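# Notes for the structure review
Spelled out, the chains give:
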Amino acid sequence: MKALRQYLDKIKPNFEKGGKFEKLHSSFDAFETLLFVPKTTSKTGVHIHDAIDSKRTMAVVVMALIPALLFGIWNTGYQHFLATGQGADFWPMIGYGAIKVLPIVIVSYVVGLGIEFMFAQLRGHEVAEGFLVSGMLIPLVLPADIPLWMVAVATAFAVVIGKEVFGGTGMNIWNPALIARAFLFFAYPSKMSGDLIWVSGMSKGEGIVDGFSGATALGEAAVLKSGEGLGRLADGGVYDLWNSFIGMIPGSIGETSTLAILIGAVILLLTGIANWKIMVSVFAGGFIMAYGFNLIGANELMNVPALHQLCLGGFAFGAVFMATDPVSGARTDKGKYIYGFLIGVFAILIRVFNPAYPEGVMLAILLMNTFAPLIDHVIVQQNIKRRLKRVNA
Amino acid sequence: MSDKEPLFSAKNRKLITNPLNAQNPITIQVLGICSALAVTAKLEPAIVMSISVMFVLVFANILISLLRNTIPSRIRIIVQLVVVAALVILVDQILKAFAYEVSKQLSVFVGLIITNCIIMGRLEAFALGNKPWQSALDGVGNAAGYGVILIIVAFFRELLGSGTLTLPGLGTLNIIPQAFYDMGYANNGFMILPPMALVTVGIIIWVQRSRNKDLVED
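Now for a description of the structure that goes with this document. (Residues numbered from 1 in each chain as written. Chains lettered and ligands numbered in written order. Predicted model: local features only at pLDDT ≥ 70, side-chain atom pairs only at ≥ 80, totals over all residues. Heavy atoms only, no water.)

### Here's the deal with the overall build of chain A
Tallying secondary structure elements over chain A gives 17 helices and zero strands in all. When each of the 393 residues of chain A is scored for burial, the buried share is 51%. A separation threshold of at least 6 residues defines the contact pool for chain A, and within that pool the share at least 24 residues apart is 69%. Total accessible area on chain A stands at roughly 18500 Å², and carbon and sulfur atoms take up 68% of it. (Helix = DSSP H or I, 4+ residues; strand = E, 2+ residues; numbered from the N terminus. Buried < 20%, exposed > 50% of the residue type's maximum accessible area, 1.4 Å probe, protein only. Contact = heavy atoms within 4.5 Å. Areas by Shrake-Rupley, 256 points an atom, 1.4 Å probe, with all protein chains shown as cover.)

### Focus on the overall build of chain B
Helices and strands together make up the secondary structure of chain B, namely ten helices and two strands. Listing the helices and strands of chain B from first to last along the sequence gives α-α-α-α-α-α-α-α-β-β-α-α. Within chain B, residue pairs in contact and separated by at least 24 positions form 74% of the contacts whose partners lie at least 6 positions apart. Carbon and sulfur atoms provide 68% of the accessible area of chain B, an area that totals close to 11300 Å².

### Re the pairing of strand β2 (residues 171–174) of chain B
All names here are of chain B. Relative to β2, strand β1 (residues 164–167) runs antiparallel, the two sharing four bridges. Directly across from Leu-167, in β2, lies its bridge partner Gly-171. Adjacent in sequence and paired antiparallel, β1 and β2 are bridged by three residues, among which Gly-169 carries a positive phi angle near 90 degrees. (Pairing = 2+ DSSP bridges.)

### Re the pattern of salt bridges
Residues and elements named next belong to chain A. Under the criterion given, the structure shown has seven salt bridges over all chains. When the shortest N-O distance is used, the salt bridge between Glu-116 and Lys-163 registers 2.8 Å. Taken together, the residues span a long stretch of sequence, with Glu-116 in helix α4 (residues 90–123) and Lys-163 in the loop between α6 (148–160) and α7 (176–187) at a distance of 47 residues. On the accessibility criterion, Lys-163 (2% relative accessible area) is buried. (Salt bridge = Lys/Arg side-chain N within 4 Å of Asp/Glu carboxyl O.)

### Side note on the interface of chain A and chain B
Of the residues lining the interface, twelve residues belong to chain A; the matching set on chain B comes to twelve residues. Carbon and sulfur atoms supply 78% of the area that chain A and chain B bury against each other, a total of about 860 Å² over both sides. The tally of links from chain A across to chain B stands at zero salt bridges. For the pair chain A and chain B, the number of links is two residue pairs in polar contact (both at pLDDT 80 or more). (Buried area = accessible area lost by both parts, 1.4 Å probe. Polar contact = N/O pair within 3.5 Å; in protein donor to acceptor, adjacent residues only side chain to side chain.)

### Quick word on the state of the cysteines
All names here are of chain B. Taken as a whole and judged by the stated rule, the model has zero disulfides over all chains. Free cysteine: Cys-34, not disulfide-bonded; nearest cysteine sulfur from Cys-117 at 5.6 Å. Of the residues examined, Cys-34 reaches a relative accessible area of 56% and is grouped as exposed. (Disulfide = S-S within 2.5 Å.)

### Points about a positive patch on the surface
Residue and element names in this part refer to chain A. On the surface, Lys-334, Arg-386, Arg-387 and Arg-390 cluster together to form a positively charged patch. Considering each element in turn, the positive patch owes the most residues, three residues, to helix α17 (residues 361–392). Assignment of secondary structure puts Arg-387 in helix α17. (Patch = residues over 30% accessible without salt bridge, like charges linked within 9 Å, V, L, I, M, F, W, Y side chains within 5 Å. Lys, Arg positive; Asp, Glu negative; His and termini not counted. Charge placed at Lys NZ, Arg CZ, Asp CG, Glu CD.)

### Here's the deal with the packing of aromatic side chains
Enumeration over the complete set of coordinates arrives at 24 aromatic pairs over all chains. Consider the rings of Phe-287 of chain A and Tyr-291 of chain A, whose centres lie 6.1 Å apart with planes at 10 degrees: the pair is stacked. Separated by four residues within a single helix, Phe-287 of chain A and Tyr-291 of chain A lie in helix α13 (residues 276–296), roughly one turn from each other. The exposure class assigned to Phe-287 of chain A is partly exposed, which follows from its relative accessible area of 33%. Members of the aromatic cluster, joined through ring pairs, are Trp-149 and Tyr-188 of chain A together with Phe-180, Tyr-181 and Tyr-185 of chain B. (Phe/Tyr/Trp six-rings, centres within 6.5 Å; stacked < 30°, edge-to-face > 60°.)

### Describing the environment of Pro-132 of chain B
Residues and elements named next belong to chain B. You can see Pro-132 is positioned in helix α8 (residues 132–162). You can call Pro-132 partly exposed: its relative accessible area is 27%. If near-sequence neighbours (up to four positions away) are discounted, Pro-132 is found in contact with Ile-62, Ser-65, Leu-66 and Arg-68.

### Topic: the nonpolar core
In this structure, Phe-317 and Phe-321 of chain A are the most contacted members of the largest nonpolar core, which totals 90 residues. The element that contributes the greatest number of residues to this core is α17 of chain A, accounting for ten residues. Here this core spans two domains, since at least three of its residues come from each of domain 1 (16–36 + 54–212) and domain 2 (215–249 + 274–378) of chain A. Other than its neighbours up to four places away in sequence, Phe-317 of chain A contacts Leu-65, Leu-137, Leu-140, Val-141, Gly-254, Glu-255, Ile-261 and Met-322 of chain A. In terms of nonpolar packing, the next biggest core, distinct from the first, is built from 33 residues, Val-84, Leu-87, Ile-113 and Ile-118 of chain B among them. (Core = buried A, V, L, I, M, F, W, Y, C linked by side-chain atoms within 4.5 Å. Domains from an automatic or database assignment.)

### A few points about the packing of α4 of chain A against α6 of chain A
Residue and element names in this part refer to chain A. Running from amino to carboxyl end, α4 crosses α6 at an angle of 35 degrees, the nearest separation of the two axes being 9 Å. α6 is crossed by α4, and the crossing has right-handed handedness. Here Pro-103, Ile-104, Val-107, Ser-108, Val-111, Gly-112, Ile-115, Glu-116 and Phe-119 of α4 come into contact with α6, specifically with Leu-148, Val-151, Ala-152, Thr-155, Ala-156, Val-159 and Val-160. Residues belonging to the contact of α4 with α6 are distributed by class as follows: twelve nonpolar, three polar and one charged. (Axes fitted to C-alpha atoms, helices over the stretch in contact; angles between N-to-C directions. Left-handed = near helix turned anticlockwise from the far one by under 90°. Nonpolar A, V, L, I, M, F, W, Y, C, P; charged D, E, K, R; others polar.)

### So, the environment of Lys-334 of chain A
Residue and element names in this part refer to chain A. When you line up the elements, Lys-334 lands in helix α16 (residues 333–353). The class for Lys-334 is exposed, based on a relative accessible area of 55%. C-alpha of Lys-334 to C-alpha of Asp-376: the two residues are 42 residues apart in sequence and 8.4 Å apart in space.

### Description of unusual backbone geometry
In this model, Val-30 of chain B sits at a positive phi of 50 degrees, which is unusual for a non-glycine residue. Along the chain, Val-30 of chain B turns up in the loop between α1 (10–17) and α2 (33–38).

### So, the side chain of Ser-65 of chain B
All names here are of chain B. Note on placement: Ser-65 falls in helix α3 (residues 43–67). Side-chain polar atoms of Ser-65 contact the backbone oxygen of Lys-131, separated by 3.4 Å. Among residues more than four places away in sequence, those in contact with Ser-65 are Ala-127, Asn-130, Lys-131, Pro-132 and Ser-135.

### Things to note about α7 of chain A
End to end, α7 of chain A covers 16 Å across twelve residues, agreeing with the expected 16 Å (1.5 Å per residue, within 8%). With respect to burial, α7 of chain A is a largely interior element, eleven of its twelve residues being buried. Among all positions of α7 of chain A, only Pro-176, Ala-177, Leu-178, Ile-179, Ala-180, Arg-181, Ala-182, Phe-183, Leu-184, Phe-185 and Ala-187 of chain A are buried. Tucked inside the fold, the buried residues of α7 of chain A contact α5 (131–140), α6, α8 (189–192), α15 (315–322) and α17 of chain A together with α10 (194–211) of chain B. N-capping of α7 of chain A is provided by Asn-175 of chain A, with a side-chain oxygen placed 3.0 Å from the backbone N of Ala-177 of chain A. (Expected span 1.5 Å × (residues − 1).)

### Thoughts on a nonpolar patch on the surface
A surface patch of nonpolar side chains, about 540 Å² in accessible area, is lined by Val-165, Phe-166, Met-171 and Ile-173 of chain A together with Ile-203, Trp-206 and Val-207 of chain B. On the secondary structure map, Trp-206 of chain B appears in helix α10.

### Focus: α16 of chain A
For α16 of chain A, built from 21 residues, the straight-helix expectation of 30 Å at 1.5 Å per residue is met to within 8% by its first-to-last C-alpha distance of 31 Å. When we look at burial in α16 of chain A, the residues that qualify are Gly-335, Lys-336, Tyr-339, Gly-340, Ile-343, Gly-344, Val-345, Ala-347, Ile-348, Ile-350, Arg-351 and Val-352 of chain A.

Here's what the structure looks like:
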């Protein structure tokens, strides 16, 4: 560690103004602050000093994502061996999953950070930290069999069109990771939806066991009009509440295990990085909406028990990691409740009423991202009005 | 203006070249966006649309310019509409007679040339105050500026979205070789959807303004 610090100090003058590699200053700065807590503190204007800068913040979020990632790696292997009917031990499953998942993570980071560094150099500002999290979120919301070049295209699109055109990290309207997923969803629907892609190896038909269904629970419930879909969701079925909670079901890499996501949620809440108001209100909105549909019960998906709805698909993942994005979400306290609640409501609404989009969480969050500034505006204006009344009275 | 001014004086040439870049109707004035989004999923409709708009705009400009001293200013909009509508019906009938397939693809958008902001805008801003020859050049320039953007957008949308290029007279050409698809390449279905037309126009605006800093607004 000390040697590294000394080395950095030695080469640092080269990157300062007038140095040999002055042009590469932002790249050097990015690496230095990633490795060491910067020595400089703000000198003017700021009145609250915190030990944590945005690189540390992002690092904590990445740590909170690790349980979901590890579970996703194991589950990718587990589902694959289940589908092909081979028995396998714990380590082969991890090995198979790692071969499938890690390349996606690497591609996402290399492409995303590459573009971030390029823009930072061109514009002559520091490399922003936002992508450290987005780069981990993107692989976790994709199916394991997604071709790597598609990951690269979607990541590039998300970083350039979703973020840099608005001015970079902190200025984006939508969550970049969801932009990447939405892009893939509309651009290459055959790789992002259907019954074959959620279990690794299944689309190539590698000796699938008879009667094995690789559909996600939501896809299945949406398609089957008879009680059959619900049967798989009921106790003892493949997608019963316990399996869905633990996450031993087909789905995107990081989204299946509500348990692993909740571990991440605890980390985020204990460190105070994610906002509990948003998280709680997303779950509340989803639960109330699903419960209301249970009472109506007009179609197959309306009958899925409310608690079960929250464990299926990307609901928990979206609520914990996507909706709480401080940049694209609402910022006023009251606004956070409204924003979160409506995400939950819309997610379930889209799931139930639109069989073409069995997963509504992505679209619900993007929609509410769009409306978050409007919600904030209304809340702030109300506050101003209320206080003006007090002054004038 | 003196009578001796040559037909293609520097000033007149500007009438054609300006709308291609610094005064582009789509990327700078942001007019005619709706049709730019609607007809650019394939290259052929975009080319035909550009030609139709050029025909309508040039002749409408000439006619209004000829009439400019006799039109009472109170009813000038309705006179302009009559002229434009007559030309659009002409174009529509010609397309239906000689290029039926394309006319089906363009559907209502040929009729909607009447409401294309570029045409009314040029009539109001230019033809009502200038001589027929200049007005004709202005029409050619603006329609070309519109057409260039349409064709660029349609080229990328069709190439990336369908892997083909459809040219008038040549039919649909497969540009992306089959070997690519065998290796796992897939067409980007998002490019055919209207949002990507907007994004493509946005990227053109971005590139244009970063090359010419004078165009950047505050």
